[in-house]
Amino acid sequence: MTILEKTLGKITVEPRIASVPVVLSDFERIEVTAPVQQDELKAIQAHFMTLAQCAARRVEDATEREQVSKSLHDRMARYGTSSEYIAQRQVSVLTSRFVKPDPTSASESVRRYGDLRLPTGELLDERMKLFEEVALGVFERVYRDASAPAPDDVVHVSCSGYLSPSPVQAFLSQRAWLNVGVTHSYHMGCYGAFPAIRTAVGLVGSSYASLPKRKQRVDLVHTEFLSLHFDLLGDEPDNFVTSTLFADGFIKYAAFPQAEFAKQRRHGLKVLAIDEHILPDSLPEMTLRPGPLQFDMSLSKRVPFMIRDSIAGFVRSICTQVGLDFEREKSEMVFAIHPGGPAILNQIRTKLGIEESQIALSRRVLHEHGNMASATAPHIWQHIVDSPEIPAGTKILSMAFGPGLTVIGALFEKV
């Protein structure tokens, strides 16, 4: 008997509980409204900004209104995101009750695009009511088969809406799925998908490790209604950038324990590792705060460069978790990088020394959808899962960025 055993008594070593691999699969995009071409959206945005700013300044003279319009259109052309990078976006607020059709207006722009229900824009509570209606409609569409089995849990992800009770709680009550667990994963901006999958992995894993009932499926639903928050009164360059970069995005997918996932013949992404870093001295560089009319976002020009300077260390950290030699294996990997903008993709590609083809799906999602905040990375993941050109066994390094500044990512393997 050792001295330690004499002092503390017989030592019992608890057996290590085997980890439960988790796979993401069953991706489904929801289109609330049809995408609109980027150049058309920029003209529409400048039109509604003209209406709001003339109303706020009480500009009634036709010549002065034309000057305001020309200035806003010129600034939109100068600062707005080019259609070279974003071809189209889903901007669902344009078909909402906030916009009034007026085919008899004396203004050609109003006849074409409509008028505002409130001249300077809706208050935040009205925007949240519309968010609730649209999000509830998304839940009804992703669970349209009332006879299908309910998930064990739902993780609802959004940075563009907040209500309590939430849309997912309202839906579950209507469906009478009253014993489905609900987790609200809110207000983390563009990186929100990664804490959500960390939650899903934890829900599945803990149920196998320490709970009497094992979870077989945890659903994740993103409802990003970002067009609710376009600022019609802001005249700063930042506002033209964000209002032409962000778009609405809605997507659902599911997390399964690998043994359950393997029962069906389909592809998915096995979660190998998740890591998260907050960059030092970066708090003011990106913010998302509630204002009187909308959630106000600020984005510093320094962000792409701060991400560039930190990304190599982050990549080494996450790869080390699974014993992956990044430099040796990076040429065979696929990269699902949140395309916060074209500059971020360019900076990361150069810093990591990877090929344009390895980030092609990230570039494609930005071009076809715009920046959909937390819903963006899952859109890229869906393309990877569906692509026959990416074989099973491929390692996927995915990452995103948001307020903090937070750099977060996951390492996947396609299965």
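Further up the page is the structure itself.
Residues numbered from 1 in each chain as written. Predicted model: local features only at pLDDT ≥ 70, side-chain atom pairs only at ≥ 80, totals over all residues. Heavy atoms only, no water.

Q: Help me understand helix α10 (residues 303-320), please; the structure alone is not making it clear to me.
A: Residues spaced three or four apart along an α-helix face the same direction, because each turn holds 3.6 residues. A rise of 1.5 Å per residue sets the reference length of α10, with its 18 residues, at 26 Å; its end C-alpha atoms lie 25 Å apart and thus fit the reference within 8%. I311 marks where α10 bends most, by close to 40°. Every buried residue of α10 is listed here: V303, P304, M306, I307, S310, I311, F314, V315, I318 and C319. (Helix = DSSP H or I, 4+ residues; strand = E, 2+ residues; numbered from the N terminus. Expected span 1.5 Å × (residues − 1). Bend = angle between axes of the 7 residues up to and from the residue. Buried < 20%, exposed > 50% of the residue type's maximum accessible area, 1.4 Å probe, protein only.)

Q: Quick question: what am I supposed to make of the packing of aromatic side chains here?
A: Geometrically, a pair of aromatic rings is defined through the distance of the ring centres and the angle of the planes. Enumeration according to the criterion identifies 12 aromatic pairs in this entry. Ring geometry for Y143 against F171: centres 5.5 Å apart, planes inclined by 20°, an arrangement best described as stacked. Linking Y143 in the loop between α5 (124-142) and β6 (153-158) with F171 in helix α6 (residues 167-175), this pair joins segments that are 28 residues apart in sequence. In this structure Y143 comes out as buried when scored by relative accessible area, which is 5%. (Phe/Tyr/Trp six-rings, centres within 6.5 Å; stacked < 30°, edge-to-face > 60°.)

Q: Looking at this structure, how should I read the side chain of D275?
A: One can find D275 in strand β10 (residues 269-278). Buried charge without a salt bridge: D275, with R198 as the nearest opposite-charge side chain at an N-O distance of 7.3 Å. Within the local environment of D275, its side chain forms a polar contact with the side chain of S317, the two groups lying 2.5 Å apart. Not counting residues within four places of it along the chain, the set of residues in contact with D275 comprises F314, S317, I318, Q321, V407, I408 and G409. (Lys, Arg positive; Asp, Glu negative; His and termini not counted. Salt bridge = Lys/Arg side-chain N within 4 Å of Asp/Glu carboxyl O. Polar contact = N/O pair within 3.5 Å; in protein donor to acceptor, adjacent residues only side chain to side chain. Contact = heavy atoms within 4.5 Å.)

Q: Any chance you could explain the sheet that holds β6 here in plain terms?
A: The strands making up a sheet are joined through hydrogen bonds of the backbone, oriented either antiparallel or parallel. Ordered in space as β7-β6-β8-β9-β1-β10-β15-β14-β13, the nine strands form an open sheet in which the pairing is mixed. With one partner strand each, in any of the chains shown, β7 (181-186) and β13 (334-337) form the two edges of the open sheet. Taking each pair of neighbouring strands and ignoring which way they run, the sheet shows an average axis angle of 25°. Contacts between helix α14 (residues 376-386) and the sheet are confined to β1 (22-30), β8 (218-224), β9 (249-257), β10, β13, β14 (395-402) and β15 (406-414), with β1 contributing the most and set at about 105° to the helix. (Pairing = 2+ DSSP bridges. Axes fitted to C-alpha atoms, helices over the stretch in contact; angles between N-to-C directions.)

Q: Even after reading the chapter, I still don't get the nonpolar core, so can you show me in this structure?
A: Nonpolar side chains in soluble globular proteins generally cluster together in the buried interior. L24, F194, I197, W381, I384 and F412 are the most contacted members of the largest nonpolar core, which has 40 residues in total. Element by element, the count of residues in this core is highest for helix α7 (residues 193-209), at seven residues. Once you skip the residues sitting within four places of it in the chain, F194 turns out to touch A377, W381, S398, M399, A400, I408, G409 and A410. L41, L136, C159 and L172 belong to the second largest nonpolar core, which has 37 residues in total. (Core = buried A, V, L, I, M, F, W, Y, C linked by side-chain atoms within 4.5 Å.)

Q: Where do I start with the packing of helix α13 (residues 360-369) against α14 in this structure?
A: For any two helices packed against each other, one specifies the inter-axial angle together with the distance between the axes. Running from N to C, α13 and α14 cross one another at 120°; their axes reach a closest spacing of 9 Å. Here α14 runs oblique to α13, going by the angle between their axes. By crossing handedness, the relation of α13 to α14 is classed as right-handed. Every residue of α14 that contacts α13 at L361, S362, R364, V365, E368 and H369 is listed here: T376, H379, I380, H383 and I384. Along the lines of polarity and charge, the residues of the contact of α13 with α14 split into four nonpolar, five polar and two charged. (Parallel < 35°, antiparallel > 145°, perpendicular 65-115°, else oblique. Left-handed = near helix turned anticlockwise from the far one by under 90°. Nonpolar A, V, L, I, M, F, W, Y, C, P; charged D, E, K, R; others polar.)

Q: Even after reading the chapter, I still don't get the side chain of H156, so can you show me in this structure?
A: By secondary structure assignment, the location of H156 is in strand β6. With relative accessibility at 0%, the residue H156 sits in the buried group. Polar contacts involving the side chain of H156 include one to the side chain of T223, which spans 2.8 Å. If we skip the residues at most four places from it in the chain, H156 touches F139, P167, V168, T183, H184, S185, Y186, V221 and T223.

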